[in-house]
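Chain by chain, the residues run as shown.
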Amino acid sequence: MTEELNLENFNKSIESRLMTFDDIDDVIKLQEVCFPGMEPWKKEQLESHLNLFPRGQVVIEYEGTLIGSSSSLIINFDEYDDRHTWDDITDKGYITNHNENGHNLYGIEVMVHPDFRGMRVGQRLYEARREIAYELNLKSIIIGGRIPNYHLYKDELTPREYVTDVMKRKIKDPVLTFQFMNGFTLMRINPGYLPDDVKSNKYATLMEWNNPDFVAKSNLHFKTSYPVRICTVNYMMRKIDSFEEFANQIEYFVDVAYDAGSDFVVFPELLTTQLMSFDERRNPAESIRHLTKYTEQYIEMFNSFAMRYNINIIGGSHFVEEDDEIYNISYLFRRDGSIEKQYKIHVTPNERRWWGISPGNKVEVFDTDCGKIAIQICYDSEFPEMARIATEKGAKIIFTPFSTEDRQSYLRVKYCSMARAIENQIYTVTSGTCGNLPQTENMDIQYSASGIYTPSDFGFARDGIMGETGENMEMVMIGDIDLEVLRRGREDGTVRQLRDRRHDLYHIQYKR
């Protein structure tokens, strides 16, 4: 009698999923196999893809082996020149021009391991792209397709004649024929598209698939403004007698920002050291450890204000004890009640000497209802790599709570914040402490002015300064920044620092 077959012995697993950072080495190896003779991805390019648009990066895995992948970004295609190249459309492979508010998905790479062709791996990758278009309500998918068999016909056919013969099924091209069969139509033929694509003689066919479920939105095509209103507080430190008195002062400024219709209100670094003014301890290290006892009250207070006043709050910074270490942490309190945090990464000599502060190890970028933002506490603004990493992760605004004791220190933060805005084509916002706490060591004097800074170009504020408070005065500065103007400046500004970086000469390697 024949035993029943155990079907588990015949099971195979093929899976379409999103790419992860752990896949990067395998994707590079796959590309070397699929496109011998062509320059493969650099690790930092794929890291940039995953940081900026993880939803657009897809892989196919068969029995635990990566056998296919595709990479995409979102753009507004109308903003690009008809004769654009692959470098133009991908910012030289880094996709820092990815526009989350765009309406075209642009496919920049599809590859299938040659040993697994015939398993409809490419079909799965194209279907995954369609799902992205459906899910994000994108108007179309556009691709710059290779014509890898053209080198066999280049002496007898022009690129246009070759493409026409492929359309008529007189010639079979492994890429172009597949694209026609998947519903893509020819838009035009671009010369010089991919310089190292010798088989295509550097030509590419620009193809488009239109999303039948696309629902047009008027502001999708004609968006003229994406304003964000910010209130930054230049906060006066003075002696108080209780946490309740501290909370009353904070609520006053939140209420001012709310009355002005602000999306964000920003407080300075070391804000809660004001609580040390009624602490009888004289040893700075002991005082700081005692200050960490207010962490829950601090979080509950700001979270309550964010929800009650319907405003996003950068809650300055506060010393927090974790695993017997003290960290300087800035919190984002979203108006929907959710909370995020950024550790100060670079600790100043004074923080080490007086308080024994430990450094954080990760550059965070946070989603908000006003776009992606980052927080970089005081000294961190003086390290250009920090802002570049945050920008490459998609941040459009960097908030810098700071606390400085003299004019020179204040100007370092100001000038560096202005430089970061120019270098990265972003907005930067500072919020500082002024006044004094006479009986509080290392916080006895402060010097500041707070401000909002922009790239220095047409379309932005004169001198790159949206506005500033007076020096050493308790006041707020309220101003509107425009993320749409920022996007346009990155596309066609007088200078385009993000696009014009020499990735062939240098790059930042972020190790986290």
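All values reported here derive from a predicted model rather than from experimental measurement. (Residues numbered from 1 in each chain as written. Predicted model: local features only at pLDDT ≥ 70, side-chain atom pairs only at ≥ 80, totals over all residues. Heavy atoms only, no water.)

**Section: the nonpolar core**
Then, number 1: By size, the foremost hydrophobic cluster in this structure holds 51 residues, and its most contacted members are Val-27, Trp-41, Tyr-106, Ile-108 and Tyr-162.
Then, number 2: Element by element, the count of residues in this core is highest for helix H1 (residues 24–34), at 5 residues.
Then, number 3: Discounting chain neighbours no more than four positions away, the residues touching Val-27 are Met-19, Trp-41, Leu-46, Val-59, Leu-66, Ser-69 and Met-111.
Then, number 4: If you look at the next biggest cluster of nonpolar residues, it comprises 41 residues, including Phe-267, Tyr-298, Phe-305 and Tyr-309. (Core = buried A, V, L, I, M, F, W, Y, C linked by side-chain atoms within 4.5 Å. Buried < 20%, exposed > 50% of the residue type's maximum accessible area, 1.4 Å probe, protein only. Helix = DSSP H or I, 4+ residues; strand = E, 2+ residues; numbered from the N terminus. Contact = heavy atoms within 4.5 Å.)

**Regarding the sheet that holds strand S22 (residues 465–468)**
Then, number 1: The strand order S15-S16-S17-S18-S21-S22 describes an open sheet built from 6 strands, whose pairing is mixed. Both outer strands of the open sheet, strand S15 (366–368) and S22, are each paired with one neighbouring strand and no more. Going across the sheet, the axis of each strand differs from the next one's by a mean of 20 degrees, ignoring polarity.
Then, number 2: Looking at chain direction, strand S21 (residues 451–453) and S22 are connected through 3 bridges and run antiparallel. Note on S22: the bridge partner recorded for Ile-452 is Gly-467. (Pairing = 2+ DSSP bridges. Axes fitted to C-alpha atoms, helices over the stretch in contact; angles between N-to-C directions.)

**With respect to helix H12 (residues 384–392)**
Then, number 1: With 7 of 9 residues buried, H12 lies mostly within the body of the structure.
Then, number 2: Every buried residue belonging to H12 is among Met-386, Ala-387, Arg-388, Ile-389, Ala-390, Thr-391 and Glu-392, and all of these are buried.
Then, number 3: For H12, the secondary structure elements touched by its buried residues are helix H2 (43–52), strand S16 (371–375), strand S17 (397–401), helix H13 (407–424) and helix H14 (483–492).
Then, number 4: Once H12 ends, the next one or two residues include Gly-394, with phi positive near 110 degrees.

**Overview of the packing of H12 against H13**
Then, number 1: Following both chains from N to C, one finds H12 and H13 inclined at 40 degrees, their axes separated by 10 Å at the closest point. Taken as axis vectors, H12 and H13 run oblique relative to one another. In the packing of H12 onto H13, the handedness of the crossing is right-handed. Along the contact surface, H12 presents Pro-384, Ala-387, Arg-388 and Thr-391, while H13 presents Arg-420, Glu-423 and Asn-424.
Then, number 2: Classifying every residue of the contact of H12 with H13 gives 2 nonpolar, 2 polar and 3 charged. (Parallel < 35°, antiparallel > 145°, perpendicular 65-115°, else oblique. Left-handed = near helix turned anticlockwise from the far one by under 90°. Nonpolar A, V, L, I, M, F, W, Y, C, P; charged D, E, K, R; others polar.)

**Some details on the environment of Asp-115**
Then, number 1: Within the secondary structure layout, Asp-115 lies in the loop between strand S4 (104–112) and helix H4 (121–135).
Then, number 2: When the C-alpha atoms of Asp-115 and Leu-66 are compared, they prove to be 12 Å apart, with 49 residues separating the residues in sequence.

**A word on the pattern of salt bridges**
Then, number 1: What the rule picks out here adds up to 30 salt bridges.
Then, number 2: A salt bridge links Arg-462 to Asp-463; the nearest nitrogen and oxygen atoms lie 4.0 Å apart. The residues Arg-462 and Asp-463 share a single accessibility class, namely exposed.
Then, number 3: Linked through salt bridges whose partners overlap, the residues forming this network are Glu-79, Glu-484, Arg-487 and Arg-488. (Salt bridge = Lys/Arg side-chain N within 4 Å of Asp/Glu carboxyl O.)

**Focus: the pairing of strand S7 (residues 204–210)**
The side chains of a regular strand alternate between both faces of the sheet.
Then, number 1: For S7, a buried count of 6 out of 7 residues is recorded, marking the element as mostly surrounded by other parts of the structure.
Then, number 2: Bridging between strand S5 (residues 140–145) and S7 involves 6 bridges; their strand directions are antiparallel. Following the sheet pairing, Ser-140 is matched in S7 by Asn-210.

**Notes on empty space enclosed by the protein**
To locate leftover empty space, one rolls a probe as large as a water molecule over the atoms.
Then, number 1: Counted under the stated rule, the structure contains 4 cavities of 30 Å³ or more.
Then, number 2: Space inside the largest cavity adds up to approximately 400 Å³.
Then, number 3: For the largest cavity, the lining is made up of 25 residues, of which His-98, Asn-99, Lys-396, Arg-487 and Arg-490 are closest to its centre.
Then, number 4: Those elements that place two or more of their residues in the lining of the largest cavity are S16, H12 and H14.
Then, number 5: With 6 residues, H14 is the largest single contributor of residues to the lining of the largest cavity.
Then, number 6: When the residues that make up the lining of the largest cavity are grouped by side-chain class, the tally is 5 nonpolar, 9 polar and 11 charged.
Then, number 7: Here the lining of the largest cavity gathers at least three residues from each of two domains, domain 1 (12–210) and domain 2 (228–492).
Then, number 8: By volume, the second largest cavity is sized at about 90 Å³.
Then, number 9: Lining the second largest cavity are Ile-422, Gln-425, Pro-455, Ser-456, Asp-457, Phe-460, Leu-486, Gly-489, Arg-490, Val-495 and Gln-497.
Then, number 10: It is H14 that contributes the most residues to the lining of the second largest cavity, 3 residues altogether.
Then, number 11: Looking at the lining of the second largest cavity residue by residue, the classes come out as 5 nonpolar, 4 polar and 2 charged. (1 Å grid on protein atoms, 1.4 Å probe; cavity = no way out; pocket = protein on both sides within 12 Å on 5 of 7 lines; lining within 4 Å. Points joined across faces, edges and corners; volume = space filled by probe spheres on them. Domains from an automatic or database assignment.)

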